[in-house]
Amino acid sequence: MTSQITLPGSTVVSPAAERLRHILGEEDSSPTPTIFTEMDTLQQDGDELEWKESARWVKFEEKVEEGGERWSKPHVSTLTLHSLFELRTCLQTGSIVLDLEGYSLPQIVEEIVDRQIADALIPPEMKEKIIFVLLRRHRHQTKKPIHRSLADLGKSSNTSTNRSPQVNLSRSTSSASGIHRSTEDLRSRQSGSLGRLHPAQSRSMNDISDTPSTDQLKNKFMKKIPRDAEASNVMIGEVDFLDKPFVSFVRLAQATTLGGLTEVPVPTRFLFILLGPQGKAKSYNEIGRAIATLMVDDLFSDVAYKARDREDLIAGVDEFLDEVIVLPPGEWDPKIRIEPPKKVPSAEMRKSVLNLNELGQMNGSAGGAAGEDEELPVQHEVGEELKFTGRVCGGLWMDIKRKAPFYCSDIYDGFHIQSISAVLFIYLGCITNAITFGGLLGDATDNYQGVMESFLGTALAGTVFCLFGGQPLIILSSTGPILIFEKLLYEFSKSNSIDYMELRLWIGLHSCLQCFVLVLSDASYIIKYMTRFTEEGFSSLISFIFISDAIKKMVGCFNYYPINRGFKPDYITSYKCECIAP
């Protein structure tokens, strides 16, 4: 049973919440950096061990798709409740090293292993074996070209046939002979080279480069990571020389760039290492995903930076468990990836609840019901683009500042190979509308405006809008309301003996003047008062006009081609046709 603390006002708080309130309540002027988390799994490439990147997190999870050729779309991490409890057990039983002075990965790894030996978690004879495994090279998931060389394909096929499943987390079954052979190779290598380390041989212990590689420096994914970000590396693997898991959580005193450890040249601040005996690959993988998801959680990352001991970290896990929502099995498909929400809920509410005395919402208690109305989000929340500035051209100036950083990329991104489908879609969307409404406009205006005029107008208006509006992906073409307007305008001009084209020109100039006035007066904010009722009412009017026109044409066809009600079938045989000269 977990004891609870009762505060004034009948608010029941768990010890974990009370502990976090003191941790997060400490004054700290420096904000918590954004965490980039990378998870690597131990695998065997031919005869060599290596750490292969399998997933990464900035805010949401991205997995390496099956086949290892590309990244998945960012999605919300779905964790099993059992993995969170196993992670909690790992933090309770493993070694916790906080504020370690580290300058290189070999030094950090040696400190970790020495701490495990000092705590009697592993025997001293395991030191060199664990160090050897932890210092294998890291192979990161990089974007490969579409056309790969035949040699690359041959290498990948040979590698797949020679790959041993001894240390591969993605496979849960393996042959006993393959395990025995790879184990003997590893032990012979360790007994030969690891038993007698000399300065000339110490290089073979470390396969990781001390400085970031060219691929790391040129990685375009770096653009998605904030400049002040720090890395959290999760290393998961199974080996055959351990009888129980080797678990270590490390927080460095200062973020340090550890060469080729991370996919991008981001300094590492946290390390989580889990090596365990064989047979639990899936469980180890889920524990690694659990700690990686926790590290990108805003509240737990604050706890990880400010934790003073093991109990603080466990309290952070308990708080995370208090907020977890469990989905029952059989009610949904775990293979379905949840799309990231358009607006991510802020963690400030959770932090304020912990920092202040408003702890009623903690652990599902009903004590904070009085403040629920104040915390509810405003229903029609307005963005900055629809706020009234009160200055001449204030909204236009805000639009320019908001769009200027992306103006050039909106243009040259259209030449990327991945934009071909979007370009073709927009082209077909524009040309089909121009043909359809151009033909209808020709019928409605006696060909004063036809298909060619619709083509020319769409091309000119779209070009000007894309160059000055800064939004090349907007589709501009004729629509139903324009068709109805042009038809009524032509009928009005014809009935009142007015030149239709001249009247249309003056209407266009008047519309242009109105647009300038709206921009100068910053009147676009009025759109926030428009509701779905206004839009649907206008759409209903347009639909009614189209339906009535269709009925009128059907009635006109009946009048122009009337039904011969006096027709008799007996007249068919006596029917004849004669051609008479004019």
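Definitions and limits used
Residues numbered from 1 in each chain as written. Predicted model: local features only at pLDDT ≥ 70, side-chain atom pairs only at ≥ 80, totals over all residues. Heavy atoms only, no water. Helix = DSSP H or I, 4+ residues; strand = E, 2+ residues; numbered from the N terminus. Buried < 20%, exposed > 50% of the residue type's maximum accessible area, 1.4 Å probe, protein only. Contact = heavy atoms within 4.5 Å. Areas by Shrake-Rupley, 256 points an atom, 1.4 Å probe, with all protein chains shown as cover. 1 Å grid on protein atoms, 1.4 Å probe; cavity = no way out; pocket = protein on both sides within 12 Å on 5 of 7 lines; lining within 4 Å. Points joined across faces, edges and corners; volume = space filled by probe spheres on them. Nonpolar A, V, L, I, M, F, W, Y, C, P; charged D, E, K, R; others polar. Core = buried A, V, L, I, M, F, W, Y, C linked by side-chain atoms within 4.5 Å. Salt bridge = Lys/Arg side-chain N within 4 Å of Asp/Glu carboxyl O. Disulfide = S-S within 2.5 Å. Phe/Tyr/Trp six-rings, centres within 6.5 Å; stacked < 30°, edge-to-face > 60°. Lys NZ or Arg CZ within 6 Å of the ring centre and 35° of its normal. Axes fitted to C-alpha atoms, helices over the stretch in contact; angles between N-to-C directions. Parallel < 35°, antiparallel > 145°, perpendicular 65-115°, else oblique. Left-handed = near helix turned anticlockwise from the far one by under 90°.

Novice: Can you explain the overall build of the protein? Please cite residues and give values.
Specialist: A tally of regular secondary structure across the protein gives 19 helices and ten strands. When each of the 582 residues of the protein is scored for burial, the buried share is 36%. Considering only contacts in the protein between residues 6 or more positions apart, those separated by 24 or more positions represent 72%. With the model as given, the accessible surface of the protein reaches about 36,100 Å², and the carbon-plus-sulfur share is 60%.

Novice: Summarise the layout of surface pockets; cite the residues concerned and give the values.
Specialist: Estimated volume of the second largest pocket: approximately 2,000 Å³. For the second largest pocket, the lining is made up of 45 residues, of which Ala461, Val464, Phe465, Leu476 and Cys515 are closest to its centre. Looking at the lining of the second largest pocket, the elements that each hand over two or more residues are helix 14 (394-412), helix 16 (451-469), helix 17 (480-495) and helix 18 (500-520). Taken together, the residues that form the lining of the second largest pocket break down as 24 nonpolar, 13 polar and eight charged.

Novice: So, the nonpolar core: which residues are in play, and what are the values?
Specialist: In this structure, Leu87, Leu91, Phe249, Phe272, Ile291, Met295 and Phe300 are the most contacted members of the largest nonpolar core, which totals 33 residues. Other than its neighbours up to four places away in sequence, Phe300 contacts Ile291, Leu294, Met295, Leu313, Gly316 and Val317. Counting 30 residues, the second largest nonpolar core, distinct from the first, contains Val97, Ile112, Met235 and Ile273.

Novice: Got a sec to walk through the pattern of salt bridges? Specific residues and values, please.
Specialist: In the structure shown here, the tally under the stated rule is 17 salt bridges. For Glu62, the salt bridge identified is with Arg56, shortest N-O distance 3.1 Å. Grouping residues by exposure puts Glu62 and Arg56 together as buried. Among the salt bridges present, the one from Arg289 reaches Glu61, with a minimum N-O distance of 2.9 Å. In this pair, Arg289 sits in helix 9 (residues 281-295) while Glu61 sits in strand 5 (residues 61-63), placing the two residues 228 residues apart along the sequence. Both residues of the pair, Arg289 and Glu61, count as buried. One connected set of salt bridges, linked through shared partners, spans Glu50, Arg137 and Arg139.

Novice: So what's going on with the state of the cysteines? Which residues, and what values?
Specialist: Scanning all chains against the criterion turns up zero disulfides. The closest cysteine sulfur to the non-disulfide-bonded Cys515 is located on Cys512, 6.5 Å from its own sulfur.

Novice: Mind laying out the packing of aromatic side chains, listing which residues take part and the relevant values?
Specialist: Scanning the model with the defined rule gives eight aromatic pairs in all. With a centroid separation of 6.0 Å and an interplanar angle of 40 degrees, the aromatic rings of Phe249 and Phe270 are classed as tilted. Separated by 21 residues along the polypeptide, Phe249 in strand 9 (residues 246-256) and Phe270 in strand 10 (residues 268-276) bring together distant segments of the chain. In this structure, Phe249 and Phe270 share a single accessibility class: buried. Aromatic ring contacts, followed pair by pair, group Phe249, Phe270 and Tyr305 into a single cluster. The positively charged end of Arg56 is found above the aromatic ring belonging to Phe221, 3.6 Å away from the centroid. Between Arg136 and the ring centre of Phe132, over which it is positioned, the NZ or CZ distance is 3.9 Å.

Novice: Talk me through unusual backbone geometry; I want residue IDs and the actual numbers.
Specialist: A positive phi angle is found at Ser497, which is not glycine, with a value near 55 degrees. As for its placement among the helices and strands, Ser497 is situated in the loop between helix 17 and helix 18. Residue class for Ser497 comes out exposed when judged on its relative accessible area of 71%. Positive phi values are uncommon outside glycine, yet Asp522 reaches one of about 55 degrees.

Novice: Pulling in residues and values, what's your account of the packing of helix 15 (residues 420-444) against helix 17?
Specialist: Between helix 15 and helix 17, the shortest axis-to-axis distance is 9 Å and the interhelical angle comes to 15 degrees. What the angle tells us is that helix 15 and helix 17 run roughly parallel. When you trace helix 15 past helix 17, the crossing you get is right-handed. Across the interface between the two elements, Phe437, Leu440, Leu441 and Ala444 from helix 15 touch Gly480, Leu483, Glu486, Lys487 and Tyr490 from helix 17. Of the residues belonging to the contact of helix 15 with helix 17, the class tally is six nonpolar, one polar and two charged.

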